[in-house]
Every structure is written in structure tokens, then in C-alpha cells.
Amino acid sequence: MKIDPWSSSNILEEDYLRLIEEFGIETIKDLTRERFKDNKFIRRKVIFGHRDLGIIYKAIEEDKPWAVMSGIKPSGPFHLGTMTTALEIVEFQKMGAKAYYGIADIESWEDNGIPYDEAEEFAVDNMADILALGLNPDKAYIWRQSEEPLVKDVCFKVSRLVTQNMLNAIYGEKTFGLYLAALVQVGDILLPQVKEGPQPTVIPVGIDQDPHIRLTRDLTRRYYKEKKEDGQIIQEDFFLPGATYHKLLPGLDGSEKMSKRFPNSYFTFNESLDSIEKKIRGAMTGGRKNKEMQEELGGEPQKCMIYKILMYLFEEDDEKLAQDFEECIKGELLCGEHKRECVEKVLSYVKEHRKRKEKLIDKAREILKIE
Ligand code: SF4
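Quantities reported herein were computed from a predicted structural model and do not represent experimental measurements.

Q: Would you explain the domain arrangement of the protein chain in this entry?
A: Interfaces are often described in size by the accessible area the parts lose on coming together. Taken domain by domain, the protein chain comprises domain 1 (13–248) and domain 2 (263–358). Taking the mean C-alpha position of each, domain 1 and domain 2 sit 30 Å from one another. Counting from both sides, the interface comprises 13 residues of domain 1 and, opposite them, 13 residues of domain 2. When residues of the side of domain 1 that touches domain 2 are assigned to their parent elements, the largest contribution, four residues, is made by helix H5 (residues 80–94).

Q: What am I meant to see in the pairing of strand E5 (residues 140–144) here?
A: Within a regular beta strand, the side chains point alternately toward one face of the sheet and then the other, so they alternate between its two faces. Burial analysis of E5 places four of its five residues in the buried class, which makes it a mostly covered element. Relative to E5, strand E4 (residues 98–103) runs parallel, the two being bridged by five bridges. Each residue of the ladder has a partner; that of Gly102, found in E5, is Trp143.

Q: Whenever I open this one, the nonpolar core confuses me. Can you help?
A: Within soluble globular proteins, side chains that are nonpolar tend to cluster in buried spots. If you look at the biggest cluster of nonpolar residues, it comprises 87 residues, and the most contacted ones within it are Met127 and Val186. In terms of domain composition, this core takes at least three residues from each of domain 1 (13–248) and domain 2 (263–358). Discounting residues that sit within four places of it in the chain, Met127 has contacts with Ala364, Ile367 and Leu368.

Q: Explanation requested: the sheet that holds strand E6 (residues 201–206) in the structure shown.
A: Where strands meet in a sheet, backbone hydrogen bonds hold them as pairs that are either parallel or antiparallel. The strand order E1-E2-E9-E6-E3-E4-E5 describes an open sheet built from seven strands, whose pairing is mixed. The open sheet is flanked by strand E1 (26–27) and E5, the only strands paired with a single partner. Pairing of strand E3 (residues 67–72) with E4, which is carried by six bridges, proceeds in the parallel orientation. Each residue of the ladder has a partner; that of Gly71, found in E4, is Gly102. Of the strands in this sheet, strand E2 (47–51), E6 and strand E9 (242–246) touch helix H11 (residues 210–224), which is tilted by about 150° from E6.

The rules behind these values
Residues numbered from 1 in each chain as written. Predicted model: local features only at pLDDT ≥ 70, side-chain atom pairs only at ≥ 80, totals over all residues. Domains from an automatic or database assignment. Contact = placed C-beta atoms within 7 Å. Helix = DSSP H or I, 4+ residues; strand = E, 2+ residues; numbered from the N terminus. Buried ≥ 20, exposed ≤ 12 C-beta atoms within 10 Å, placed from the backbone. Pairing = 2+ DSSP bridges. Core = buried A, V, L, I, M, F, W, Y, C linked by C-beta atoms within 7 Å. Axes fitted to C-alpha atoms, helices over the stretch in contact; angles between N-to-C directions.

Rendered as C-alpha cells:
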């Protein structure tokens, strides 16, 4: 099965197991969940798989430096999907990682045709969002791909090991620009180690981004771990970048994915509160046809978008989530009532977020050096 990082492939529940097997992703076992219990995405099983989290744990235990790296393509305002990855980076930063956050403006040009100067305003807006979500800029390194020579340098260096066949096998047939953007991303992912020396790095991603992780691990192995001259290893021994994988949120309205083509499938943080409310009220639930059936059979929270957005993003309290789940399956909680509660929670979150964000716009400009 091919997964495509540029079109957020529709991945069905049963596909996750196949992906795990086919691409050698490790499932999160109880011990790992216990070790990373401070990370709400791992605790709540939103993150279902990983590569090399054990090495991260060792670094934490031994009090050695480690990094979390992620980024955003500045092609529009923050939405539910980008918020998930941004919060994941914040969670790992809170656990002690130095955060590396890349603004993927080369990718927004290659994928969406947005010139660098037009991407700047999105970049500032996105940056203010992640600061408002809790990223601590004092324990972070933030860059724009187009402005970071180290990233481009890695791209050129590793490219000599890359053939068209290899890219075709990983990504399918794409424009050369997208292949190039993938190689620039190799530079992003390796930046913590190139800049500050070998150290474990975790990249929190949606499962659709795994092709980039596999490409980077392969090139790290071949370029940074095995480079020898006269039998001597001349490169420092880099760690293979690790990763965590979350399940992609399907469309709010029941469409297969969140996409601009289906405006009711997601909301951004910049749209009107009325519109956000309307979309939540129209969201697909796991409820039954009517009240009587719901009370008799119970609902199906595992299929419900209201439950999912609360679990991923808007409910801080684990016990409340567990209680809602229980009451839903017993038919004690009804969808109308639960949607009202969800609307209240999301709107109050968004209002607070906007207040925080407004004060952080200047800081975002300063960090990105954009006037
Ligand atoms: S009661 Fe809540 S969790 Fe259950 S199906 Fe309805 S909206 Fe979803």
C-alpha cells in the first residue's frame, strides 16, 4: 500500500495494522505508554506507533540532550490537523526536548505554488498560533527552509545517494519539485544533529508522513553513519531519527478526510465562531437514529467526530473523557447534549487562543525575521 504525504491519503482503521507490519513501525506497548505517560497523545492512544522511542527514553533517563522536530507548510491558517502536530511538539518540549520547528516554505512553493514572500504572512500567523499553543521559543530553534543554509546543505549532500527509482518507489511519480521538497525535509529532520551534534530526535507525524521518515532514516544510515575514507569513519555517528505516528482525523462531516474541497470537514482557527459552531453541530457522530434507540443500544464513541476532537484536542481531563465514553456506550449520554457541551468547550478554547495569539504576532515576526 502506498501512502502519499502530499494528499493525506484516506487511511481506514484496518489499514493501520497493515502499515505497521509493512513498514516496520512499532506499536506502543504498555511499558512505553507508562514511560511516556506525561504525553497526553501517547496516554490516550492517539499516537499508536513509533520508531525508536526507547532511545529517547534512555536519553531522558540519562539526562542527555534530545530533540523533537516538526514543522508546518505555510499555505493557510492553522486547522485541526496542524494543531495536532503542533501540540505534540509542545508535549515533547515539556518533557525536556529542545524543539526544532521548521517553516516549510520551499514545500509550500513546490506543492501549492505559493511564492516565498506570499508564504511569509501565513508563516507569521502559523508561528503565532504555535506560540499560543504553548511552544517555548527560548527552548526552541525555528527556521524557514528557504533561509537555512544547513538544511539546503544536507539536501545537496545526501542527494548523490538518491536515484529516481528510489523516489518513485517511495512516493510514486511526482514532480521533481516535490522530490526536492522531500530531500529538503531530510535536511529539516537532521538539523538538530547537524547543528548541535548527534542526539536522539523524535518527529511526531501523522501516518501519511511516514515516507519522509523512511527516506531520512535510509539516507542517515547510508550518509551519516557509514561514510568512510580509507577505512576510517569520517562522520560522527548520527542517530537514526525516531518518530511517533498519530491516526489522521477524518472529516468532521463524515467525509473521508479533512480537505479544502469539503469545507464542512474541518475548521480553521481564524474562521468565525458562528461557522465553527455550525460545523461542530453538523459533525458526524456515533449516535443512533433517535433517542429511544440511543438509550437502548448506546452510542459508538469510537466512530464519533465529537468524541475524537475532544480526545485529540479540546478536553484536558482524561477522567471526563473516560466518563463520556462510558455514558455514551451505555446510552446515558445523548448526542444533542454532548454536541452543545463540545461547542461550548471549543468556542471558549478558540476565544482564549485568539487572545493569546494576538499578543504574540510581534514575537512571531521577530523570531522569523519578517518585518
Ligand atoms: S453521545 Fe457523544 S460521544 Fe456518543 S455518539 Fe453522541 S456525540 Fe458521540
